[in-house]
Amino acid sequence: MCGITGWIDHTRDLSDQGPLLTAMARTMAPRGPDGAGVWVSPHAALGHRRLALIDLEHGAQPMTPGGRAEGTPPAVLVFSGEVYNHGELRAELVRRGHAFRGRSDTEVVLRAYLEWGERAFDRLVGMYAFALWDTRAETLLLVRDRLGVKPLYWTRRGDGVVFGSEPKAVLAHPEVPAEVDAEGLAALFTVAIKPPGQGVYRGLHEVRPGHVVRVDRAGVHHRRYWQPTTAPHTDDLPDTIAEVRRLLADAVGSQLESDVPLIALLSGGIDSSAIVALAGRRLAEDGAGRLATYALDFTGSETDFRPDALHVSRDAPFVRAVAGHVGTDHTDVSVETTSLVGELGPALRARDMPGVGDLDVSLLLLFREVRRHAAVALSGEGADDFFGGYPWFQAEAERPTDNFPWSAGVKDRNAQLSPELRKALDLDAYVADAYATALAEVPRLDGESGADRRVREVFHLQITRFLPFLLDRKDRMSMANGLEVRVPFCDHRLVEYLWNVPWPYKRTGGQEKGLLREAVADLLPEQVVRRPKSGFPFGHSPAYLDAIRRTVRTIVADPAAPVLDLVNVPAVRAMVDGDAWFSGDFTPPPWLPRLIQLDMWLREYGVRVVL
């Protein structure tokens, strides 16, 4: 998967900045445990950490067309991710006269740019974030995949930019301070509301999904190269079901290429089960053996589990049903819930900012175990967003809230803020402004009204706000363990098709994700096909909840705790003594574990609050 970083400045000589680039890249060593490289020139310095998955011999980076022996190359590339159609692109480039040293998709991206320029980016199918320095034009191109599966951050410095796959790489530059302002704090105190492109740290930006950021002597320029086309859906229901099956099967099949062991994550829900069934069938057809699957559970969940708004049933019985039906080599990963508190720190350092507490940690621990056996995993992320799996889809179709659906139930967001912070920050106003901005971006279909219009709005909110929050979580927790997670549901061709499928089709059979269920019904046990959505598991153990309370009490009792300047301490004490912080849904998510991480972040990263 890899980690990339760099520094571009058109007015400074960066030729001696190799040691700095090495240090910046080293911060992301877990993303790239298999190798490292640096390339420097007067105005550009690039660094790379490699996770070798394809073409282990010839995929070293930074990459130039002629290899390390050439003089000044026409272009230099540092790449993170996977291009799944690199074989087809390579064949076309060979016909056009290009010669390749190896089989890596990175070399295909580099030569595609030399052949087609920026038009090459339209041809890529995959998940990726890369930086390309064109030495001829002295121009940097920062490019991110259409759905934002892979991250890429940047900030202005001098007459150029500093960039990296993660904030930690950018913050390792001596001229980039760790600061947060009111806008960044607002993003941390809310969930999945942050506008695309905002990087939480003051002055830090993300390359927006489906965008190119061009940096040249004239400044920084942004160009969008992809968005779904809004048009009437003309297929009938049977044809729609068949097309979804075809597109999903193609996406899964294209993501099975790997020169290292590959597994699939399995929760027993329709999303991961569909991926497992299609991958298992494809491997069997190719004579590649049985698929290995992994599932997460918590010790004591048989007695500790309590159903709530997003967790209607335990995963374990459904996991066993799918593994047996498909015939996978299955492993259950059991996590001690009391260990979650001790892992809040590693989860924070994986994100470089507070996340969602134990929801991050449980994923981190699952990926830690999986990485002992494989370097690549398939996951079902995105299905809920594209097929309408969350309960708020139907609720919004029936009773629109005129808000982010996952946040509509919060009554007073400012109640968690300290009196001093409330003078500089109004979370309710922040959410209202963010919602108005998001709604103004929705591509409209002429004549669409009522539930169809509202559901299209909700899908746009999901794709541009909620899904990036989930993808960011998955990327950080997996790459902290050197594990690449591929997400077939985020294949942009499937997303383009689903964008225009009407809501009644997606809810075929009167159940959430009914369209997906029909598309894979022949591959799975009936009990799994009809299982209602149940969210990612998290700790219900009383011992874990008590450990969280003890940790927060220690923080509140420390007058030097930096987080106390930001939060409403009496409200926190009330949460510690009650259960209001642990609601089991997104309104709000478990708050006290996030507060622990917020305090850690301010201490460990030395973050300066600028209001």
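Residues numbered from 1 in each chain as written. Predicted model: local features only at pLDDT ≥ 70, side-chain atom pairs only at ≥ 80, totals over all residues. Heavy atoms only, no water.

## So, the overall build of the protein chain
Of regular secondary structure, the protein chain possesses 24 helices and 18 strands. Taking 2.2 N^0.38 as the reference for a compact globule, 611 residues should give roughly 25 Å; the C-alpha atoms of the protein chain span a radius of gyration of 24 Å, in line with that estimate. Summarising its shape, the C-alpha atoms of the protein chain cover approximately 65 × 60 × 50 Å along the three principal directions. Looking at the 611 residues of the protein chain, the share that counts as buried comes to 63%. In the protein chain, the proportion of contacts linking residues at least 24 apart, taken out of those at least 6 apart, comes to 72%. Summed over its atoms, the accessible surface of the protein chain is roughly 21900 Å², and 51% of this surface lies on carbon and sulfur atoms. The centroid of the 70 positive side-chain charges in the protein chain is displaced by 1 Å from the centroid of its 82 negative side-chain charges. (Helix = DSSP H or I, 4+ residues; strand = E, 2+ residues; numbered from the N terminus. Rg over C-alpha atoms; globule rule 2.2 N^0.38 Å. Buried < 20%, exposed > 50% of the residue type's maximum accessible area, 1.4 Å probe, protein only. Contact = heavy atoms within 4.5 Å. Areas by Shrake-Rupley, 256 points an atom, 1.4 Å probe, with all protein chains shown as cover. Lys, Arg positive; Asp, Glu negative; His and termini not counted. Charge placed at Lys NZ, Arg CZ, Asp CG, Glu CD.)

## Remarks on the pattern of salt bridges
Using the criterion set out here, one finds 55 salt bridges in the structure. The partner of Asp360 in a salt bridge is Arg351, with the nearest N and O atoms 2.6 Å apart. Taking the relative accessible area as the measure of exposure, Arg351 reaches 6% and is therefore buried. Across the pair Arg486 and Glu484 runs a salt bridge, and its minimum N-O distance is 2.6 Å. Taking the relative accessible area as the measure of exposure, Arg486 reaches 1% and is therefore buried. Residue class for Glu484 comes out buried when judged on its relative accessible area of 0%. Within the structure, one salt-bridge network assembled from shared partners comprises Arg31, Lys150, Glu166, Lys168, Arg351, Asp352, Asp360, Asp472, Arg473, Asp475 and Arg476. (Salt bridge = Lys/Arg side-chain N within 4 Å of Asp/Glu carboxyl O.)

## Side note on the packing of aromatic side chains
What the rule picks out here adds up to 18 aromatic pairs. When the ring of Phe393 is compared with that of Phe459, the centres are 4.7 Å apart and the planes differ by 45 degrees; the resulting orientation is tilted. Separated by 66 residues along the polypeptide, Phe393 in helix 14 (residues 391-398) and Phe459 in helix 17 (residues 450-479) bring together distant segments of the chain. Judged on exposure class, the residue Phe393 and its partner Phe459 are both buried. The ring of Trp116 carries Arg123 above its face, with NZ or CZ at 3.7 Å from the centroid. For the cation-ring pair, Arg456 lies above Trp499, with the distance from its terminal atom to the ring centre recorded as 5.1 Å. (Phe/Tyr/Trp six-rings, centres within 6.5 Å; stacked < 30°, edge-to-face > 60°. Lys NZ or Arg CZ within 6 Å of the ring centre and 35° of its normal.)

## Let's talk about the sheet that holds strand 14 (residues 292-298)
Reading across from one edge, 15-14-13-16-17 is the order of the 5 strands in this open sheet, with parallel pairing throughout. Strands with a single pairing partner mark the edges of an open sheet, and in this sheet they are strand 15 (329-335) and strand 17 (484-486). Averaged over all pairs of adjacent strands, the angle between strand axes in this sheet comes to 30 degrees, irrespective of strand direction. Strand direction decides the pairing type here: strand 13 (residues 262-265) and strand 16 (residues 376-378), joined by 3 bridges, are parallel. Residue pairing across strands places Ile263 opposite Ala377, the latter belonging to strand 16. Contacts from helix 7 (residues 270-285) reach strand 13, strand 14 and strand 16, with the element oriented near 150 degrees to strand 13. (Pairing = 2+ DSSP bridges. Axes fitted to C-alpha atoms, helices over the stretch in contact; angles between N-to-C directions.)

## Things to note about the state of the cysteines
Counting across every chain of the model gives 0 disulfides. Between Cys490, a cysteine without a disulfide, and Cys2, which holds the nearest cysteine sulfur, the sulfur-to-sulfur distance is 20 Å. Looking at Cys490, the relative accessible area reads 7%, which means it is buried. (Disulfide = S-S within 2.5 Å.)

## Quick word on the pairing of strand 6 (residues 139-144)
A large share of strand 6 lies buried, amounting to 6 of its 6 residues. On strand 6, burial covers both faces: Thr139, Leu141 and Val143 on one face and Leu140, Leu142 and Arg144 on the other are all buried. As defined by bridge partners, strand 5 (residues 126-134) adjoins strand 6 across 6 bridges and the pair is classed as antiparallel. From the neighbouring strand, Trp133 faces strand 6, where its bridge partner is Leu140. Hairpin connection, strand 5 to strand 6: the antiparallel pair is bridged by 4 residues, and Glu138 has positive phi, about 50 degrees. Two strands pair when backbone bridges link them, and strand 6 and strand 11 (residues 211-216) are joined in this way by 4 bridges, in the antiparallel orientation. Residue Val143 lies in a different strand from strand 11, and its bridge partner there is Val212.

## A look at the side chain of Arg111
Within the secondary structure, Arg111 is located in helix 3 (residues 105-116). Salt bridges are absent for the buried Arg111, whose nearest opposite-charge side chain, Glu107, sits at 4.0 Å. There is a polar contact of 3.3 Å between the side chain of Arg111 and the side chain of His98. Every residue in contact with Arg111, bar those within four places of it in the chain, is listed here: Pro65, Leu93, His98, Ala99 and Phe100. (Polar contact = N/O pair within 3.5 Å; in protein donor to acceptor, adjacent residues only side chain to side chain.)

## Section: the nonpolar core
By size, the foremost hydrophobic cluster in this structure holds 184 residues, and its most contacted members are Phe189, Phe386, Phe489 and Trp601. The element best represented in this core is helix 17, accounting for 12 residues. The contacts of Phe386, once residues within four sequence positions are left out, are Leu147, Phe459, Ile463, Leu467, Phe489, Cys490, Val495, Leu498 and Lys506. Ranked by size, the runner-up nonpolar core spans 20 residues in total, among them Ile8, Val76, Ala129 and Val161. (Core = buried A, V, L, I, M, F, W, Y, C linked by side-chain atoms within 4.5 Å.)

## So, the sheet that holds strand 7 (residues 153-157)
The 6 strands lie next to each other as 2-3-1-8-7-10, forming an open sheet whose pairing is antiparallel. On the outer flanks of this sheet lie strand 2 (35-40) and strand 10 (205-206), each paired with one strand and no other.

## Observations concerning the confidence of the model for the protein chain
Here the protein chain averages 92 in pLDDT, and 93% of its residues register 70 or above. Under a pLDDT of 50 for its full length, residues 583-589 has, in the predicted model, 21 contacts with residues more than four places off or in other chains. (pLDDT = per-residue confidence, 0-100.)

## Considerations on helix 7
For helix 7, built from 16 residues, the straight-helix expectation of 22 Å at 1.5 Å per residue is met to within 8% by its first-to-last C-alpha distance of 22 Å. Of all 16 residues making up helix 7, 12 are buried, and the element is well covered by its neighbours. Turning to helix 7, its buried residues are Ile270, Asp271, Ser272, Ser273, Ala274, Ile275, Val276, Ala277, Leu278, Ala279, Gly280 and Leu283. Positive phi shows up at Gly287, right after helix 7, with a value of about 65 degrees. (Expected span 1.5 Å × (residues − 1).)

## A closer look at helix 1 (residues 18-26)
Within helix 1, burial applies to Gly18, Leu20, Leu21, Met24 and Ala25. For helix 1, the angular spread of the buried residues around the axis is 160 degrees, confining them to a single face. Where helix 1 is buried, its residues meet strand 1 (3-9), strand 2, strand 3 (44-50), strand 8 (160-164) and helix 4 (167-171). (Arc of directions from axis to C-beta.)

## Some details on the side chain of Arg454
On the secondary structure map, Arg454 appears in helix 17. Among the polar contacts made by the side chain of Arg454, one reaches the main-chain carbonyl oxygen of Asn403 at a distance of 3.2 Å. A distance of 2.8 Å separates a polar atom in the side chain of Arg454 from a polar atom in the side chain of Glu457. In this structure, Arg454 is in contact with Glu396, Pro400, Thr401, Asp402, Asn403, Pro405, Tyr435 and Leu439, ignoring residues within four places of it in sequence.

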